[in-house]
Protein chains: 2
Amino acid sequence: MPDTATTVSAADSRTYSISELAREFGVTPRALRFYEDKDMLHPARDGMMRVYRNRDRARLKVILQCKRVGLPLADIREILDLYGMDRNERAQKREALKKFRQQVDTLHQQRDDIDAALEELHNGISWLESQLAIIGPASDEAESVAAYEQVAKAHMDDA
Amino acid sequence: MPDTATTVSAADSRTYSISELAREFGVTPRALRFYEDKDMLHPARDGMMRVYRNRDRARLKVILQCKRVGLPLADIREILDLYGMDRNERAQKREALKKFRQQVDTLHQQRDDIDAALEELHNGISWLESQLAIIGPASDEAESVAAYEQVAKAHMDDA
DNA sequence: GTTGACGTTGACGTTCGCGTAAAGATCGGG
DNA sequence: CCCGATCTTTACGCGAACGTCAACGTCAAC
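Residues numbered from 1 in each chain as written. Chains lettered and ligands numbered in written order. Predicted model: local features only at pLDDT ≥ 70, side-chain atom pairs only at ≥ 80, totals over all residues. Heavy atoms only, no water.

Q: Explain the overall build of chain A here, please?
A: Across its full length, chain A holds seven helices and two strands. Going from the N terminus to the C terminus, chain A shows its helices and strands as α-α-α-β-β-α-α-α-α. Relative to its full complement of 159 residues, chain A shows a buried share of 36%. Intrachain contacts of chain A at a sequence separation of at least 6 include 46% that bridge at least 24 residues. Carbon and sulfur atoms make up 53% of the accessible area of chain A, which amounts to about 9,500 Å² in all. (Helix = DSSP H or I, 4+ residues; strand = E, 2+ residues; numbered from the N terminus. Buried < 20%, exposed > 50% of the residue type's maximum accessible area, 1.4 Å probe, protein only. Contact = heavy atoms within 4.5 Å. Areas by Shrake-Rupley, 256 points an atom, 1.4 Å probe, with all protein chains shown as cover.)

Here you go:
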């Protein structure tokens with residue numbers, strides 16, 4: 001089964017046009033140019049046109065993985081920079097590891113924020129539900145506004 | 001204990017200057033003006049100066065609560081608009097309830113995204129750690145780059 | 001009188017990650 | 001020879017939620 005899969009597997013030394021690579025990863029050519037502008041990719045050139053080799057393809061993969069993980073492009077760039085330093089890749093990896101761990105922390109933080117928000121939301125929801133449960137007693141009286149003021153105050157003062 | 005607490009409790013009919021109210025809620029005056037510009041607050045005027053009464057204070061409280069919950073200002077504005085309609089507050093509350101439930105869904109979605117990101121991060125971290133565990137065999141050989149390429153490929157192809 | 005704290009209204013700047021023209025080069029096909 | 005597809009660069013737009021001037025008025029205090 002070598003021939004049929006040739007185009008897909010065989011981690012090869014192909015070259016890619018910008019839109020080829022873009023399609024493969026489900027991004028737009030604009031994104032690739034943008035990453036290049038941010039010094040995250042450095043494709044070769046054939047005349048004017050960008051020529052992506054598998055080095056660039058690998059870097060793009062890293063970029064997109066890091067993006068999925070929520071890292072800002074600036075941080076991703078630093079990580080990629082470290083990978084280019086060739087010599088002391090241990091320091092590089094330690095740096096990347098550091099950033100990853102930081103990102104774990106911030107993600108945990110964000111998750112806690114979301115959980116807190118969800119709690120507040122559930123409070124608000126059950127309050128609204130209780131309000132709606134009171135089928136509508138003296139709702140046509142103009143004092144309903146003042147009533148809201150009162151209830152809202154009681155509700156919010158402990159929040 | 002009525003006198004001492006007079007300034008704090010006694011849900012009163014005070015008036016607030018913009019910076020008073022801002023300080024009380026830990027936001028900047030600019031934010032309050034911004035909310036007003038977005039028709040979320042409608043303070044009275046004494047000449048040029050904004051005069052906030054407890055109605056506005058309550059609305060601000062709602063705004064900040066909704067913000068904490070992650071609602072965009074546009075949605076918060078709609079919720080506040082509904083509260084102003086006086087008559088049919090049941091429809092209003094149902095609308096708010098709807099938005100709250102929607103927000104619950106999006107927050108759950110975001111949490112799942114974060115969890116997925118955390119998983120990927122943990123994978124990346126343990127990969128980096130394993131790389132660092134190999135105390136550093138032929139790291140001075142120039143082939144370390146190619147080695148990275150290979151390992152990275154193996155790592156990323158299943159991701 | 002003048003200083004300083006507070007208020008006002010514009011209006012442009014910021015951050016992020018691209019999208020979206022605009023205007024042109026280059027290439028193969030019909 | 002022109003068409004359409006694909007590539008290039010430059011550059012402005014966007015959306016969210018304000019920040020940060022600028023330039024000015026107003027007030028009590030010293």
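There is more to say, and it comes next.
Q: What should I look at first to understand the protein's contact with DNA strand C in this one?
A: Taken together, 17 residues surround DNA strand C, and among them A:Thr28, A:Lys67, B:Ser19, B:Arg33 and B:Arg50 come closest. When the atoms of DNA strand C within 4 Å of the protein are grouped by moiety, sugar and phosphate amount to 67% of the total. Here a phosphate oxygen of DNA strand C and a side-chain polar atom of A:Thr28 are 2.7 Å apart. At 3.1 Å, a side-chain N or O of B:Ser17 approaches a phosphate oxygen of DNA strand C. (Near = heavy atom within 4 Å. Polar contact = N/O pair within 3.5 Å; in protein donor to acceptor, adjacent residues only side chain to side chain.)

Q: I would appreciate a short explanation of the protein's contact with DNA strand D in the present structure.
A: The environment of DNA strand D is formed by 17 residues, the closest being A:Ser19, A:Arg50, B:Thr28, B:Tyr35 and B:Lys67. Restricting the count to atoms of DNA strand D within 4 Å of the protein gives a sugar and phosphate share of 67%. Looking at the surface near DNA strand D, the elements that each hand over two or more residues are α2 (18–25), α3 (29–37) and β2 (49–51) of chain A together with α3 (29–37) of chain B. Sort the elements by how many residues they give to the surface near DNA strand D and α3(B) lands first, with four residues.

Q: Help me understand the nonpolar core in this model?
A: By size, the foremost hydrophobic cluster in this structure holds 68 residues, and its most contacted members are A:Leu32, A:Tyr35, A:Ile63, A:Phe100, B:Leu32, B:Tyr35 and B:Ile63. Not counting the four nearest positions on each side in its chain, B:Leu32 is found in contact with B:Ile18, B:Leu21, B:Ala22, B:Val27, B:Leu41, B:Tyr52 and B:Leu60. (Core = buried A, V, L, I, M, F, W, Y, C linked by side-chain atoms within 4.5 Å.)

Q: Please explain the pattern of salt bridges as it appears in this structure.
A: Where charged atoms of side chains with opposite charge meet at close range, the side chains can pair. Residues and elements named next belong to chain B. On inspection of all chains with the given rule, the structure shows 24 salt bridges over all chains. For Asp39, the salt bridge goes to Arg77, with nearest N and O atoms at 3.6 Å. Of this pair, Asp39 sits in the loop between α3 and β1 (44–46) while Arg77 sits in helix α5 (residues 73–83); the two residues are 38 residues apart in sequence, bridging distant segments of the chain. Taking relative accessible area as the criterion, Asp39 reaches 39% and is therefore assigned partly exposed. Residue Glu95 is joined to Lys98 by a salt bridge in which the shortest nitrogen-to-oxygen separation is 3.9 Å. (Salt bridge = Lys/Arg side-chain N within 4 Å of Asp/Glu carboxyl O.)

Q: Looking at this structure, how should I read the side chain of A:Asp56?
A: All names here are of chain A. On the secondary structure map, Asp56 appears in helix α4 (residues 54–68). One buried charged side chain, Asp56, makes no salt bridge at all; its nearest oppositely charged neighbour is Arg53, positioned 4.9 Å away. In terms of polar contacts, Asp56 uses its side chain to reach the backbone amide nitrogen of Arg53, at 2.7 Å. When residues no more than four places from it in sequence are discounted, the contact partners of Asp56 are Leu41, His42, Pro43 and Val51. (Lys, Arg positive; Asp, Glu negative; His and termini not counted.)

Q: Please clarify how helix α2 (residues 18–25) of chain B should be interpreted in this entry.
A: Because an α-helix packs 3.6 residues into every turn, residues spaced three or four apart end up facing the same way. All names here are of chain B. Here α2 has its buried residues at Ile18, Leu21, Ala22 and Phe25. Looking down the long axis of α2, one finds its buried residues gathered within 100 degrees of arc, a one-sided arrangement. Among the residues trailing α2, Gly26 stands out with phi positive, at a value near 65 degrees. (Arc of directions from axis to C-beta.)

Q: How should I be thinking about the environment of B:Val69 in this particular structure?
A: Of note, B:Val69 is situated in the loop between α4 (54–68) and α5. For B:Val69, a relative accessible area of 5% translates into the label buried. The spatial distance from the C-alpha of B:Val69 to the C-alpha of B:Phe100 is 9.0 Å, given a sequence separation of 31 residues. Other than its neighbours up to four places away in sequence, B:Val69 contacts A:Ala117, A:Glu120, A:Leu121, B:Gln103 and B:Leu107.

Q: Hey, could you run me through the packing of α2(A) against α4(A) in this one?
A: A pair of packed helices can be characterised by two numbers: the angle between their axes and the separation between those axes. Residues and elements named next belong to chain A. Contact pair α2 / α4: the axes reach a minimum separation of 12 Å and the direction vectors enclose 40 degrees. As summarised for this structure, α2 and α4 are arranged oblique, according to the angle between their axes. Considering how the two elements wind past one another, α2 and α4 form a crossing that is right-handed. Touching Leu21, Glu24 and Phe25 of α2 are Arg57, Leu60, Lys61 and Leu64, all from α4. Within the contact of α2 with α4, the residues separate by chemical class into four nonpolar, no polar and three charged. (Axes fitted to C-alpha atoms, helices over the stretch in contact; angles between N-to-C directions. Parallel < 35°, antiparallel > 145°, perpendicular 65-115°, else oblique. Left-handed = near helix turned anticlockwise from the far one by under 90°. Nonpolar A, V, L, I, M, F, W, Y, C, P; charged D, E, K, R; others polar.)

Q: How should the side chain of A:Lys93 be read in this particular structure?
A: Along the chain, the position of A:Lys93 falls in helix α6 (residues 89–133). The contacts of A:Lys93, once residues within four sequence positions are left out, are B:Leu128, B:Gln131 and B:Leu132.

Q: Whenever I open this one, the confidence of the model for chain A confuses me. Can you help?
A: Residues and elements named next belong to chain A. Here chain A shows a mean pLDDT of 78. Residues at 70 or above account for 72%. In this model, residues 1–10 is a region of pLDDT below 50 whose contacts with residues beyond four sequence positions or in other chains number one contact. Low pLDDT, under 50, characterises residues 137–159; the stretch is placed with 26 contacts to residues that sit more than four places away or in other chains. (pLDDT = per-residue confidence, 0-100.)

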